[in-house]
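# An overview of the molecular structure
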Amino acid sequence: TGHAPLNKHLHCINKTNSSHCSHCPNVEETMHHLIFNCPFYTHKCHSLWAVLGRKASSISFLLTDISTTPHLVKYINATG
């Protein structure tokens, strides 16, 4: 739904001044960016890949398969 507490959504509801990632200038902070593309979190993302294998490259898998929940929560908590 796009209603995650990330800058893209927060900017849409006037809760932050920018939709951009705080680590990547000119790149919107979305769930996809946070999980797959942000170089600041690359090391932490490897933990998802180590546990879940190549299925971790699918955002729909990560967000809908109940078995991923503890691993995804751990990753999100590690990102601050």
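## Comments concerning unusual backbone geometry
- Despite not being glycine, Asn14 has its phi angle at roughly 60°, a positive value.
- Within the secondary structure, Asn14 sits in the loop between α1 (7–12) and α2 (31–37).
- Relative accessible area serves as the criterion here: at 68%, Asn14 is assigned to the exposed category.
- Positive phi is not limited to glycine here, since Asn26 has a value of about 65°.
- Within the secondary structure, Asn26 sits in the loop between α1 and α2.
- Judged by its relative accessible area of 67%, Asn26 is exposed.

## Description of the pattern of salt bridges
- Overall, the coordinates contain 1 salt bridge when judged by the stated rule.
- Among the salt bridges present, the one from Lys8 reaches Glu28, with a minimum N-O distance of 3.7 Å. One end of the pair, Lys8, is in helix α1; the other, Glu28, is in the loop between α1 and α2, and 20 residues separate them in sequence.
- With relative accessibility at 36%, the residue Glu28 sits in the partly exposed group.

Conventions used here
Residues numbered from 1 in each chain as written. Predicted model: local features only at pLDDT ≥ 70, side-chain atom pairs only at ≥ 80, totals over all residues. Heavy atoms only, no water. Helix = DSSP H or I, 4+ residues; strand = E, 2+ residues; numbered from the N terminus. Buried < 20%, exposed > 50% of the residue type's maximum accessible area, 1.4 Å probe, protein only. Salt bridge = Lys/Arg side-chain N within 4 Å of Asp/Glu carboxyl O.

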